[in-house]
Amino acid sequence: CGIFGTIGVAEAANFTALGLHALQHRGQEAGGIVAYSPDSGFNSVRRFGYVRDNFTSQKVMETLPGQLAIGHVRYSTSGNKGQTAIRDVQPFFGEFSMGGAAIAHNGNITNADELRRELIERGSIFQSSSDSECIIHLMARSLQKNIPERMKDALRRVEGAFSVVAMTRTKLIGVRDPLGVRPLVLGKIGDGWALASETCALDIIGADFVREIEPGEMVVITREGVESHRPFAQAKSRFCIFEHVYFSRPDSILGGTSVYETRRQIGVELARETPVDADIVCPVPDSGTPAAIGYSAESGIPFALGIVRNQYVGRTFIEPTEQIRNMGVRLKLNVNRALIKGKRVVLVDDSVVRGTTSRKIKEMILDAGATEVHFRIASPPTSWPCFYGVDTPERDKLLASSMSEDEMCEHLGVDSLRFISLDGLYRAVGEAKGRDPNTPQYCDACFSGDYPVRPADMVARGFEL
Ligand code: 5GP
Ligand code: SF4
Ligand code: MG
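Since we're looking at a predicted model, the values are computed, not measured.

1. A short note on the domain arrangement of the chain
Move 1: For the chain, the assigned domains read domain 1 (2-237) and domain 2 (258-435).
Move 2: For domain 1 and domain 2, the distance between their C-alpha centroids amounts to 33 Å.
Move 3: Contacts between the two partners involve 16 residues from domain 1, matched on the other side by 10 residues from domain 2.
Move 4: Buried area between domain 1 and domain 2, both sides added, is near 1,100 Å², and the carbon and sulfur share of it is 57%.
Move 5: Per-residue buried area on domain 1 facing domain 2 is highest for His25, Gln28 and Tyr75; these three make up 42% of the total on that side.
Move 6: Counting across the interface, domain 1 meets domain 2 through 0 salt bridges.
Move 7: Here the side of domain 1 that touches domain 2 is composed, by residue class, of 4 nonpolar, 9 polar and 3 charged.

2. Brief notes about helix H15 (residues 405-412)
Residues spaced three or four apart along an α-helix face the same direction, because each turn holds 3.6 residues.
Move 1: Those residues of H15 that sit buried are Met408, Cys409 and Leu412. Buried residues in H15, looked at end-on, bunch into an arc of 105 degrees, giving them a common side. Opposite the buried face of H15, by more than 90 degrees, sit the exposed residues Asp406 and Glu410.
Move 2: Looking at the packing, one finds that the buried side of H15 touches helix H13 (356-367), helix H14 (399-402) and strand E22 (416-419).
Move 3: Gly413 lies just past H15 and shows a positive phi near 70 degrees.

3. Observations concerning the site of ligand 2
Move 1: Taken together, Val181, Arg182, Cys240, Ile241, Phe242, Cys386, Tyr388, Val390, Cys443, Asp444, Ala445 and Cys446 form the complete shell of residues around ligand 2.
Move 2: Looking at the shell around ligand 2, the elements that each hand over two or more residues are helix H8 (241-247) and helix H17 (445-448).
Move 3: Classifying every residue of the shell around ligand 2 by side-chain character gives 10 nonpolar, no polar and 2 charged.

4. A short note on the packing of aromatic side chains
To describe a pair of aromatic rings, one takes the distance between the centres and the angle between the planes.
Move 1: Counted under the stated rule, the structure contains 13 aromatic pairs.
Move 2: Measuring from ring centre to ring centre gives 6.3 Å for Trp384 and Tyr451, while their planes differ by 85 degrees; the resulting arrangement is edge-to-face. With Trp384 in the loop between strand E21 (372-377) and H14 and Tyr451 in the loop between H17 and helix H18 (456-460), this residue pair connects regions lying 67 residues apart in the sequence.
Move 3: For Trp384, a relative accessible area of 17% corresponds to the buried category.
Move 4: A ring pair is formed by Tyr451 and Phe463, whose centres lie 6.0 Å apart and whose planes are at 90 degrees; its orientation type is edge-to-face. Here Phe463 lies in the segment after H18 and Tyr451 lies in the loop between H17 and H18, a separation of 12 residues in the sequence. This pair shows no difference in class: Tyr451 is buried, exactly as Phe463 is.
Move 5: Pairwise contacts between aromatic rings join Tyr75, Phe242, Tyr246, Phe247 and Phe447 into one cluster.
Move 6: Across from the ring centre of Tyr50, 4.7 Å away, lies the NZ or CZ of Arg52, which sits over that ring.

5. What to know about the environment of Gly66
Move 1: Considering the arrangement of structural elements, one finds Gly66 in the loop between helix H3 (58-61) and strand E4 (68-74).
Move 2: Using a relative accessible area of 17% as the deciding quantity, one classes Gly66 as buried.
Move 3: Here the alpha-carbon distance between Gly66 and Ser130, two residues 64 residues apart in the chain, equals 27 Å.
Move 4: Dropping the residues within four chain positions of it, Gly66 is found in contact with Val9, Ala10, Glu11, Ala12, Tyr36 and Ser37.

Reading the values: rules and limits
Residues numbered from 1 in each chain as written. Chains lettered and ligands numbered in written order. Predicted model: local features only at pLDDT ≥ 70, side-chain atom pairs only at ≥ 80, totals over all residues. Heavy atoms only, no water. Domains from an automatic or database assignment. Contact = heavy atoms within 4.5 Å. Buried area = accessible area lost by both parts, 1.4 Å probe. Salt bridge = Lys/Arg side-chain N within 4 Å of Asp/Glu carboxyl O. Nonpolar A, V, L, I, M, F, W, Y, C, P; charged D, E, K, R; others polar. Buried < 20%, exposed > 50% of the residue type's maximum accessible area, 1.4 Å probe, protein only. Helix = DSSP H or I, 4+ residues; strand = E, 2+ residues; numbered from the N terminus. Arc of directions from axis to C-beta. Near = heavy atom within 4 Å. Phe/Tyr/Trp six-rings, centres within 6.5 Å; stacked < 30°, edge-to-face > 60°. Lys NZ or Arg CZ within 6 Å of the ring centre and 35° of its normal.

Below, the structure is given as structure tokens:
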């Protein structure tokens, strides 16, 4: 999901809509905005579909006045999947004795089942199937006198991955979980401030990037400025390495480096680790493009746009059903025949999940007259599901969970298939010595099975670590 919030700007809801539009790649099912103004109180609009279709008309935006707003773009990783219930669309809102508060959450709460059961037994009435709603109910049960303190109480009970943006009548609040699994950044715009999942959402409103919110940090922002709190026990950070590979936008800055540059470097490492004789390097667009540029530069094999993407289709994997996903590849990608005919082609993609994309693309490339097809993948084999906010399928649907690299190669019917190593990936993201096996610098559970937070609900449901 993508989250955004802003305070101290004239049209906070419009800025929030723009910010969410820049974060649309993080969630395309639905979006919502809550705004506050002293005259009309809290107002909210929550809708299915794209930001540009729901939050651009004057008629809608007029209902969201004020200088303080937060918003969310959704991609379901818990609760009901897809566009099934508007009540699952964030931000969530709660009325407390000291006033209202709205929250928007990115990540996944790994003990949400447990918390929900306990809260319902004690009288909470849940409105949605979302894990994030627990936070509001935990806040309601807290005895603290103000909302930031109630949020601290609530979030100390929550396990898993959470970046949260929240608002009261006077404050904008941002929090990252102790491991900092999901991103959150702070920006400055005029006399106001903004919080966003990624820096690309600051760029679009002309805000200056100030800094990342630190793992385990809570910032409370008012007109007077930014206050930093440390509500949790100190822990070593475990940022999601897959944000570098795929999830974040290439024009965002993560950990001081442009995501584009990191991805290019992944391609360079990939070419060093898995060289091949071929005529052209083609990216699987758009997610494979920067790595393909790096692969081409390092290998000396010319780069070519052998596959063209229709810009009007969303990311395939965000479509939640298998059937739509299967059609998706053809709706979205087409082969540039004239370029491919008679060539030995290296195809670079960011990841292989179910293998659906790779198989379809191989067929299209061979159909177009390629003589050899070599897949090079910019992440290690995805053999484990993510429980922290990226929607990988169950283990048995992951190609790499039951097949070796050679078996996958045979299954996909390509001349060769190679993945970057986990150490190679760590080097590309700036860890010169690779992955520290004792205390890994990142979360890489979907590749290693090393889960930095025990996924309690999943274990209770029978998942074996
Ligand atoms: P596949 O077709 O192998 O199931 O999915 C691979 C494609 O989906 C890749 O091209 C990649 O861009 C995209 N993708 C990336 N990350 C994920 C993820 O976490 N889950 C899913 N389902 N697809 C992803
Ligand atoms: Fe990121 Fe993978 Fe960890 Fe999920 S399991 S947070 S996708 S590195
Ligand atoms: Mg892709």
